Amino acid sequence: MSFCSFFGGEVFKDHFQPGIYVCAKCGHELFSSRAKYEHSSPWPAFTETVQEDSVSKRKERPGALKVSCGKCGNGLGHEFLNDGPQRGQSRF
């Protein structure tokens, strides 16, 4: 399953089949469906990445990190700190 870039139309928001979400630009593994959960944002929401180097992050503002593909740098949106489904979890 390809995870679209930030400016693309997201078709996997309500898709909950088992699998791995990959970068639409280079195919790098980003998120597992096991870490996906329902959220009110227009994009799929995840609690964690497949691997530590799946994404690169840089601080954008307090509580939010800008997230890109760890391999090619394709923009993926944000990691919102402490905004996951459970206390202390992040939301990608």
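Model, not experiment: these values are computed from the prediction.

1. Some words on the sheet that holds strand E6 (residues 55-61)
Consideration 1: The three strands lie next to each other as E6-E7-E8, forming an open sheet whose pairing is antiparallel. One side of each edge strand has no neighbouring strand; the edge strands of this open sheet are E6 and strand E8 (75-80). For this sheet the average axis-to-axis angle between neighbouring strands, irrespective of direction, equals 30°.

2. Topic: the nonpolar core
Soluble globular proteins: nonpolar side chains tend toward being buried together.
Consideration 1: Listed in full, the 10 residues of the largest apolar core are Tyr21, Cys23, Leu30, Phe31, Phe46, Val55, Val67, Cys69, Leu76 and Phe92.
Consideration 2: Listing elements by their share of this core, those giving two or more residues are strand E2 (20-23), strand E3 (29-32) and strand E7 (64-69).

3. Here we look at the packing of aromatic side chains
Consideration 1: Counted under the stated rule, the structure contains three aromatic pairs.
Consideration 2: For the ring pair Tyr21 and Phe46, a centre distance of 5.1 Å and an interplane angle of 70° mean the geometry is edge-to-face. Here Phe46 lies in strand E5 (residues 45-46) and Tyr21 lies in strand E2, a separation of 25 residues in the sequence. For the pair shown, Tyr21 and Phe46 are each scored as buried.
Consideration 3: Aromatic pair Phe31 and Phe92: ring centres 5.5 Å apart, planes at 55°, arrangement tilted. Of the two residues, Phe31 is situated in strand E3 and Phe92 in the segment after E8; the sequence distance between them amounts to 61 residues. Grouping residues by exposure puts Phe31 and Phe92 together as buried.
Consideration 4: One aromatic cluster is present, built from ring pairs that chain together Tyr21, Phe31, Phe46 and Phe92.

How each quantity is defined
Residues numbered from 1 in each chain as written. Predicted model: local features only at pLDDT ≥ 70, side-chain atom pairs only at ≥ 80, totals over all residues. Heavy atoms only, no water. Pairing = 2+ DSSP bridges. Helix = DSSP H or I, 4+ residues; strand = E, 2+ residues; numbered from the N terminus. Axes fitted to C-alpha atoms, helices over the stretch in contact; angles between N-to-C directions. Core = buried A, V, L, I, M, F, W, Y, C linked by side-chain atoms within 4.5 Å. Buried < 20%, exposed > 50% of the residue type's maximum accessible area, 1.4 Å probe, protein only. Phe/Tyr/Trp six-rings, centres within 6.5 Å; stacked < 30°, edge-to-face > 60°.

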